[in-house]
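The lines below spell out each chain.
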Amino acid sequence: MNVEELAIKVIKACEAEHLDHMLTGAFAFNYYAIPRSTKDVDIVVDVTESGGIAKLIGRLEPEIEFRGQVQFDTLTWGKRHIGKPAQDSTLEVELFELFDDPFVQSQFKRKRRLALPQISIETWIPTPEDIIVQKLRWGRFKDLEDARDVLATEGPESLDMPYVENWCAIHKTTDRLEATLARIPEL
Amino acid sequence: MPNPHDHPTALTDLQDSIYREKVLRARKMTREERFITGVELTNEVSRRILQGAMARLQTTDESVAWADVHRRASRLRRTHDYGMYSFEKLTQ
């Protein structure tokens with residue numbers, strides 16, 4: 001199964017269950033930065049409706065096998081569900097439940113429509129500013145590299161930097177933002 | 001460009017030059033082209049990973065190679081996720 005087929009399968013399942021969703025991870029990153037390969041199809045899903053995640057997983061199985069056990073990220077305690085295509089693949093699906101973190105809510109509300117008829121993908125993705133804030137918040141080496149790539153490719157002059165700076169102040173990641181900006185060579 | 005061994009900042013200059021080229025190449029593409037390039041890269045990498053496993057294991061049996069790929073990918077994911085994810089929500 002190709003990565004776009006896997007992404008389409010998950011997007012269609014969200015639509016069939018009337019669940020608001022947003023494609024994140026490397027898919028969204030690639031749209032705003034230097035393209036790279038990925039191992040995951042990452043999707044944030046609004047499952048505030050009771051039983052929403054179970055319905056979505058039920059629709060995706062058995063073609064995508066979920067391990068049953070939910071994981072929590074140790075930064076925000078958001079919930080993650082991992083699915084593996086039953087067919088041989090190097091890819092995984094990661095479903096992230098939308099939750100009541102103020103930034104996560106803001107990011108989801110500001111999402112943009114993406115239509116790529118060439119590969120039959122129509123979905124939602126975060127804004128570049130929200131990807132930067134998110135990456136700086138996570139702060140792992142790869143996240144900081146990704147934040148730099150989005151800042152450099154989009155260009156701070158074309159981004160809503162006051163929005164980024166505001167969230168970085170709230171998350172206490174202003175030092176990371178400044179260090180990341182300083183690592184962009186003159187273009 | 002100076003030899004990185006001869007000048008203290010030459011290595012940084014080289015890194016910046018490579019990074020600059022990558023960014024400028026990405027900027028020449030539309031956002032849609034970048035997205036599709038990421039999709040193509042992912043599919044190509046996936047294909048090469050399988051071929052690499054088949055060559056390493058000296059097998060023509062894809063299922064044997066996939067088993068090895070899954071084992072290695074699983075170990076890599078556990079390493080990447082270490083400390084970032086928990087099966088329990090800890091109270092603060």
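The structure under discussion appears in the preceding block.
Calculation rules
Each chain has its residues counted from 1, following the order in which its sequence is written. Lettering of chains starts at A and numbering of ligands starts at 1, both following the order in which they are written. Only residues with pLDDT of at least 70 get local features here, since the model is predicted, and only at 80 or more are side-chain atom pairs given and counted; chain-wide, interface and lining totals rely on the full set of residues. As a convention, hydrogens and water are excluded, and side-chain values are obtained from all of the structure's heavy atoms. The nonpolar core is taken to be a set of buried Ala, Val, Leu, Ile, Met, Phe, Trp, Tyr and Cys residues, with the residues joined through side-chain atoms within 4.5 Å. Under the scheme applied here, a residue whose accessible area is under 20% of the maximum for its type counts as buried, over 50% as exposed, and between as partly exposed, the area being computed with a 1.4 Å probe on protein chains only. Note on definitions: a residue-residue contact is assigned when non-hydrogen atoms from the two residues lie within 4.5 Å. Buried area is understood as the total, over both parts, of accessible area removed when two parts are fitted together, assessed with a 1.4 Å probe. Salt bridges are defined as contacts in which a side-chain nitrogen from Lys or Arg sits within 4 Å of a carboxyl oxygen from Asp or Glu. Within 3.5 Å is the distance limit for a polar contact, defined as a pair of N or O atoms, with the added protein rule that one can donate a hydrogen and the other accept it, and that residues adjacent in sequence qualify only through two side-chain atoms.

Chemist: How should I be thinking about the nonpolar core in this particular structure?
Modeler: Across soluble globular proteins, nonpolar side chains show a tendency to be buried alongside one another. Residues L95(A) and F35(B) are the most contacted members of the largest nonpolar core, which totals 58 residues. Setting aside residues no more than four positions away along its own chain, L95(A) makes contact with V10(A), I43(A), V45(A), I53(A), L56(A), I57(A), L60(A), F66(A), K79(A), R80(A) and H81(A). One finds V44(A), V104(A), F108(A) and M84(B) within the second-largest nonpolar core, a separate group that totals nine residues.

Chemist: Help me understand the interface of chain B and chain A in this model?
Modeler: The figure often quoted for interface size is the accessible area lost as the parts come together. Listed by partner, the interface residues are 38 residues for chain B and 49 residues for chain A. For the pair chain B and chain A, the summed buried surface comes to about 4,200 Å²; carbon and sulfur atoms form 62% of the total. The largest contributions to the chain B side of the interface with chain A come from Y19(B), F35(B) and R77(B), which together make up 19% of the buried area. On the surface where chain B and chain A come into contact, there are five salt bridges. Among the ionic pairs, R31(B) bridges to E154(A), the shortest N-O distance being 2.6 Å. For the pair chain B and chain A, the number of links is 23 residue pairs in polar contact (both at pLDDT 80 or more).

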